[in-house]
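Spelled out, the chains give:
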Amino acid sequence: MTTSPTLVEAEEVGPAGLSGPSGAPPTSGRRILTAVTRDKGALACLVFLGIVVLMAIAAPLIVKLSGWGPYQFDSAAINSDLGGLPHGTLGGISGSHWFGVEPQNGRDLFARIVYGARVSITISLSATLLTGVLGVVLGMLAGFYRGWVDQVISRLMDFLMAFPALIFMIAILSSLPSGNRPVLLVVVISAFGWPYLARVIRGQTMTLANREFVEAARASGAKNGQVVFREILPNLRGSIVVMTTLAIPGYIGTEAGLSFLGVGVSPPTASWGQMIASSVSWYSVDPMFFAIPGLFLFLTVLSLTVLGDKIRTLIDQGEAA
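All values reported here derive from a predicted model rather than from experimental measurement.

Reading guide: rules and limits
- Residues numbered from 1 in each chain as written.
- Predicted model: local features only at pLDDT ≥ 70, side-chain atom pairs only at ≥ 80, totals over all residues.
- Heavy atoms only, no water.
- Helix = DSSP H or I, 4+ residues; strand = E, 2+ residues; numbered from the N terminus.
- Buried < 20%, exposed > 50% of the residue type's maximum accessible area, 1.4 Å probe, protein only.
- Contact = heavy atoms within 4.5 Å.
- Areas by Shrake-Rupley, 256 points an atom, 1.4 Å probe, with all protein chains shown as cover.
- Salt bridge = Lys/Arg side-chain N within 4 Å of Asp/Glu carboxyl O.
- Phe/Tyr/Trp six-rings, centres within 6.5 Å; stacked < 30°, edge-to-face > 60°.
- Core = buried A, V, L, I, M, F, W, Y, C linked by side-chain atoms within 4.5 Å.
- Polar contact = N/O pair within 3.5 Å; in protein donor to acceptor, adjacent residues only side chain to side chain.

> Go over the overall build of the chain with me, naming the residues and quoting the values.
A count of helices and strands for the chain gives 13 helices and two strands. Here the chain holds 321 residues, and the buried ones make up 49% of them. The contacts in the chain between residues at least 6 apart in sequence include a share of 75% that link residues at least 24 apart. About 14700 Å² of surface is accessible on the chain, with carbon and sulfur atoms providing 66% of the total.

Next up, the structure:
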């Protein structure tokens, strides 16, 4: 649920993800895509993720086609005599409700899954972007300038990494107002996530700062900022791609876990973690209420992890140039 293990795994990438002195990119996006599409498992993961992303982007259109919005109640779909259980088998799955309905209120599960995908993808990608910017920039500055700059940034990283991230996320989010919860989630997740990325980037930047092409750039009169962002940053691209790819499933799991614990996305906004939390008291009589959002969360995290591993393998083996 926490973000640190996912990012720490990326340290295994090491110098293998770096390019030569010319500063050329270590991998080609086209060749990575070709290699992924030739792997049946990775291709299946890519197709599933494409469906989830399409659901997130086209959520309003999709729910119009299904006929039920995520906040609409269908009292006719539940049996009040049985405590609000859905009519029919498999949680009320029918032509009107493709994934069934929620017990007691009759909200359409398909619509809430679709809008839950939008929440999960938006928060995880935003947190990955913010974490990436902070981690890469601060890591490069610490590794390149060293001295007091490195001391300040490194001590800040040590300070944040010393906290048990999940506990402090729960404590911070519990004390904050409920307004604009997705933005708060992105900020809090990123605040505890960037040091792990920055530490890896710092170590690789220290190695690159002594390479010949950096010395040549300095000799040609390039300023420090130009050396950092024009010479060193392109050589970190492979490592950054791997680490951010592996970070996304961790952030999806973190958002779902925080929502499950009641400090994430606030009701009635749809969230997979929140749906799983609501289904706990119903799993024995309506297992589909638990199984459907749980399956989507599991498959999304699994697909992202498999693709991240595939990309890391391609970069490590030098199969993508």
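> Any details on unusual backbone geometry? Residues and values, ideally.
Residue Pro-268 is reached from Pro-267 by a cis peptide bond, and omega for that bond is 5 degrees. Residue placement: Pro-268 occurs in the loop between α11 (237-260) and α12 (272-279). We note that Gln-104 has phi near 75 degrees; this positive angle belongs to a residue other than glycine. Accessibility expressed as a relative area gives 55% for Gln-104, which makes it exposed.

> Break down the pattern of salt bridges for me, citing the residues and quoting the values.
As enumerated under the stated definition, the model contains eight salt bridges in all. The closest approach of N and O atoms between Lys-310 and Asp-39, which form a salt bridge, is 3.5 Å. Remark: Asp-39 occurs in the loop between α2 (29-38) and α3 (40-57) and Lys-310 occurs in helix α13 (residues 287-317); sequence separation between them is 271 residues. As a salt-bridge pair, Asp-150 and Arg-202 come within 2.7 Å of each other at their nearest N and O atoms. Here Asp-150, found in helix α6 (residues 147-161), pairs with Arg-202, found in helix α8 (residues 181-208); they are 52 residues apart in sequence, far enough to count as distant. Three or more residues joined by partner-sharing salt bridges are found here, namely Glu-102, Arg-107 and Arg-112.

> Can you tell me about the packing of aromatic side chains, naming the residues and giving the values?
All chains considered together, the criterion is met by nine aromatic pairs. With a centroid separation of 4.4 Å and 70 degrees between ring planes, the pair formed by Phe-163 and Phe-168 is classed as edge-to-face. The class for Phe-168 is partly exposed, based on a relative accessible area of 30%. One aromatic cluster in this structure is built from Phe-48, Trp-98, Phe-99, Phe-110, Trp-272 and Phe-296.

> Quick rundown of the nonpolar core? Include the residues and the values.
Ranked by internal contacts, the top residues of the largest apolar core, which has 42 residues, are Met-55, Ile-113, Trp-272 and Phe-296. For this core, the elements supplying multiple residues, two or more each, are α2, α3, α4 (59-66), α5 (109-145), α11, α12 and α13. With nine residues, α13 is the largest single contributor of residues to this core. Excluding residues that lie within four positions of it along the chain, Ile-113 makes contacts with Met-55, Phe-99, Trp-272, Met-275, Ile-292, Pro-293 and Phe-296. Within the second largest apolar cluster, 17 residues are counted, among which are Leu-197, Ala-209, Phe-213 and Val-228.

> Run through the side chain of Ser-124, naming residues and quoting values.
Looking at the secondary structure, you find Ser-124 in helix α5. Note on Ser-124: relative accessible area 1%, which makes it buried. At 2.8 Å, the side chain of Ser-124 forms a polar contact with the backbone oxygen of Ser-120. Setting aside residues no more than four positions away along its own chain, Ser-124 makes contact with Ile-248, Tyr-251 and Ile-252.

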